[in-house]
Amino acid sequence: MAPLIDPFARPISYLRVSVTDRCDFRCTYCMAEHMQFLPKKDLLTLEELDRLCSTFVRLGVEKLRITGGEPLVRRDIMTFFKAMSRHLETGALRELTLTTNGSQLARFAADLAAVGVRRVNVSLDTLDAAKFQAITRWGRLPQVMEGIAAATAAGLRVKINAVALKGFNEDELFPLLDWCAGEGHDLTFIEVMPMGEMGEELRLDQYWPLKVLRARLAERFTLTDLAERTGGPARYVRVEETGQKIGFITPLTHNFCESCNRVRVTCTGELFMCLGQEDNADLRAPLRASGDDAALEDAIRAAIARKPKGHDFDYSRQKVAGQMTRHMSHTGG
Ligand code: SAM
Ligand code: SF4
């Protein structure tokens, strides 16, 4: 079967799927406090998610990341992970992973490890319980810490993702680094993105460019750029003094679009070919129109044929250009 190759000769080998728009947190940069969630009938069922992901795997996707909303609050989500593990067993899928806020990891870490998940990304912006509560609105730090410990105990590698927020976690740069080094977790910083309808000013106020963060790190440590590329917006450095690997995700720069190997599907089955563009394809209609996957496959191929070259986010003029009205929880970060 012909693999998925986009018009810029980029093979599509990485799929990120949001399995729910719901979440048990309300992070200020991600959601409004009172969110209107989608009616259940609009969401893909677990069976539909299975057909969708399996079709992508047949078309050459080798890495599947489950996200949300909070993926572990979706009812019976382990049934879906278990189903996906069959693609790991055949070797078609090289990696099955998830991005989580960690709140439910204590419950699920062992089950995830048992179905073949090897690594999890846990989002954690601060180690201070009061600040954690302020930024997540509904989250409790000890619960997440327990989840992370459970993941480690289950043999999962943990990567911490921290959104870099000016005036919020600037002062925790080194404490976060030290904690991750002590626990053996990789650490990646994410630049805050202009998603959702939270006023421009607020987002610009929060914008802590990773260039600045990196310069701060370099004052204390020797940083060596690593050649490692993931096809995504992450760049890695090694901290020579600790041996730690630190990632920087700078979605606002264009330096990663050329090697983009990924697409995203929302929990309602919209396929977004680029995180920063509105164009999308409805995969739910072909999924529901027939039990055979031919129409679904055609819809996927037609969409990949329009994958754009890159996105238009731009903070450089001190005004958010290319701003998306979607929330991150909708597309799945
Ligand atoms: N609930 C899970 C979690 O928090 O990890 C998965 C979904 S969440 C939308 C995925 C990632 O997106 C998280 O690491 C979160 O910090 C990040 N994120 C959400 N809104 C963002 C924004 N406006 N800018 C940058 N990253 C954002
Ligand atoms: Fe929930 Fe993750 Fe969004 Fe926070 S970033 S509100 S945990 S989906």
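Just so you know, these numbers come straight off a predicted model, no measurement behind them. (Residues numbered from 1 in each chain as written. Chains lettered and ligands numbered in written order. Predicted model: local features only at pLDDT ≥ 70, side-chain atom pairs only at ≥ 80, totals over all residues. Heavy atoms only, no water.)

Caption draft 1: A look at the pattern of salt bridges. Scanning the entire structure with this criterion turns up 19 salt bridges. Ionic pairing is found between Asp186 and Arg157, a salt bridge with its closest N-O pair at 3.4 Å. Separated by 29 residues along the polypeptide, Asp186 in strand 6 (residues 186-191) and Arg157 in strand 5 (residues 157-164) bring together distant segments of the chain. Here Arg157 falls in the partly exposed class, since its relative accessible area comes to 42%. Where Arg238 meets Glu240, a salt bridge forms, and the shortest distance between an N and an O atom there is 3.4 Å. Exposure remark for Glu240: the relative accessible area of 36% places this residue in the partly exposed category. What emerges from the salt-bridge pattern is a single network uniting Arg51, Arg58 and Asp293. (Salt bridge = Lys/Arg side-chain N within 4 Å of Asp/Glu carboxyl O. Helix = DSSP H or I, 4+ residues; strand = E, 2+ residues; numbered from the N terminus. Buried < 20%, exposed > 50% of the residue type's maximum accessible area, 1.4 Å probe, protein only.)

Caption draft 2: Highlighting the confidence of the model for the protein. In the predicted model, the protein carries a mean pLDDT of 90, and the fraction of residues at 70 or more is 89%. Scored below 50 in pLDDT, residues 315-322 makes 20 contacts in the model with residues more than four places away or belonging to other chains. (pLDDT = per-residue confidence, 0-100. Contact = heavy atoms within 4.5 Å.)

Caption draft 3: Representation of the pairing of strand 8 (residues 234-239). Most of strand 8 sits inside the fold, with 5 of its 6 residues counted as buried. Strand direction decides the pairing type here: strand 7 (residues 223-225) and strand 8, joined by 3 bridges, are antiparallel. Across the sheet, Thr224 pairs through a bridge with Arg238, a residue of strand 8. Linking strand 8 back to strand 9 (residues 244-249) in an antiparallel pair, the connection comprises 4 residues, with Gly243 at a positive phi of about 80 degrees. (Pairing = 2+ DSSP bridges.)

Caption draft 4: Structural detail: the packing of helix 1 (residues 46-58) against helix 2 (residues 77-90). Closest axis-to-axis distance for the helix 1/helix 2 pair is 10 Å, and the angle between their directions is 25 degrees. One element, helix 1, and the other, helix 2, form an angle in the roughly parallel class. Crossing of helix 1 over helix 2 shows right-handed handedness. Residues Leu46, Leu49, Asp50, Cys53, Ser54 and Val57 of helix 1 lie in contact with helix 2, whose contacting residues are Ile77, Thr79, Phe80, Ala83, Met84, Arg86 and His87. Residues of the contact of helix 1 with helix 2, tallied by class, amount to 8 nonpolar, 3 polar and 2 charged. (Axes fitted to C-alpha atoms, helices over the stretch in contact; angles between N-to-C directions. Parallel < 35°, antiparallel > 145°, perpendicular 65-115°, else oblique. Left-handed = near helix turned anticlockwise from the far one by under 90°. Nonpolar A, V, L, I, M, F, W, Y, C, P; charged D, E, K, R; others polar.)

Caption draft 5: Expanded view of the pairing of strand 5. Within strand 5, 7 of the 8 residues are buried, which leaves it mostly tucked inside the rest of the structure. Sheet topology note: the strand 4 (residues 119-123)/strand 5 ladder contains 5 bridges and is parallel. Residue pairing for strand 5: Val122 is matched across the bridge by Ile160. Taken together, the 6 bridges between strand 5 and strand 6 define a ladder with parallel strand orientation. Bridge pairing links Ala164 to Glu191 in strand 6. Remark: the strand 5/helix 6 (residues 173-183)/strand 6 crossover connection has right-handed handedness. (Right-handed = clockwise from strand over helix to strand, strands pointing away.)

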